[in-house]
Amino acid sequence: MNKDLERISKLKPYSKKYIKEHEDELRQEIVRCTMKHLGGRYHVNGMIPYKACDCHTLLIMTYAEARLIKLFQPEFYRPDFSFHTCKETYLQGVQRYGKETKQKKPGDIILYRYAKLIDHAAIVVDEKGTMIDSCITRGVTLQDYNQEINKKREVAIYSLWG
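What you see is a predicted model, and the numbers here were worked out from it, not measured in a lab. For every chain, the first residue of its written sequence is number 1, and the numbers climb from 1 along that sequence. It should be noted that, the model being predicted, local features are given only for residues of pLDDT at least 70 and side-chain atom pairs only at 80 or more, the latter also being counted only at that level, while totals for whole chains, interfaces and linings use all residues. Neither water nor hydrogens contribute to the side-chain values; these are computed over all heavy atoms in the structure.

Novice: What exactly am I supposed to notice about the pattern of salt bridges here?
Specialist: Here the idea is simple: oppositely charged side chains can pair when their charged atoms come close. Here, a salt bridge means any Lys or Arg side-chain nitrogen found within 4 Å of an Asp or Glu carboxyl oxygen. As enumerated under the stated definition, the model contains 10 salt bridges in all. Linking Glu 6 and Lys 10 is a salt bridge whose minimum nitrogen-to-oxygen distance equals 3.3 Å. Residue Glu 6 is classed as partly exposed on the basis of its relative accessible area, which comes to 33%. Of the charged contacts in the structure, one is a salt bridge between Glu 154 and Lys 104, with a shortest N-O distance of 3.3 Å. Of the two residues, Glu 154 is situated in strand S9 (residues 154–159) and Lys 104 in the loop between strand S4 (99–101) and strand S5 (109–113); the sequence distance between them amounts to 50 residues. Burial classes follow relative accessibility: with a 1.4 Å probe on protein chains only, a residue under 20% of its type's maximum area counts as buried, one over 50% as exposed, and anything between as partly exposed. When its relative accessible area of 25% is taken as the criterion, Glu 154 is described as partly exposed. Among the charged side chains, a salt-bridge network with shared partners connects Asp 4, Arg 7, Lys 36 and Glu 65. A helix here means a DSSP run of H or I that spans at least four residues, while a strand means a run of E at least two residues long, and both kinds are numbered starting from the N terminus.

Next comes the structure, spelled out in structure tokens:
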């Protein structure tokens, strides 16, 4: 196991009370942890912190490092899963931890639909339009969630603080 992944796997999530009482601080921690992945390569099911991940494992590693969830290995999925199934696994996973909200705040998750299911996500960096995602063509980069291509595919925003 990669040493960074091993370190993250040993972190215990904060209590729900702590998370609620330290919202602003933890939102910034999510952004800080996500920024460490910038420049990483895209790799389906990849969980090599700061080096290789996809949009799903980026969420898992970031929220685990920020101590909001326990690190876990997601069930294997094919890169084209959203073309061949009807089960909203991606959405269900996000719903386990967060609640849908209307306003984007740092640390929130934006869900996108590129095929027939929700199949992409990004983490909000700021309220001006900056997000971080991991995309097959770019790897982990900063993007603008106000771009037309992103706006027309946006499905929902989720937050741990709802």
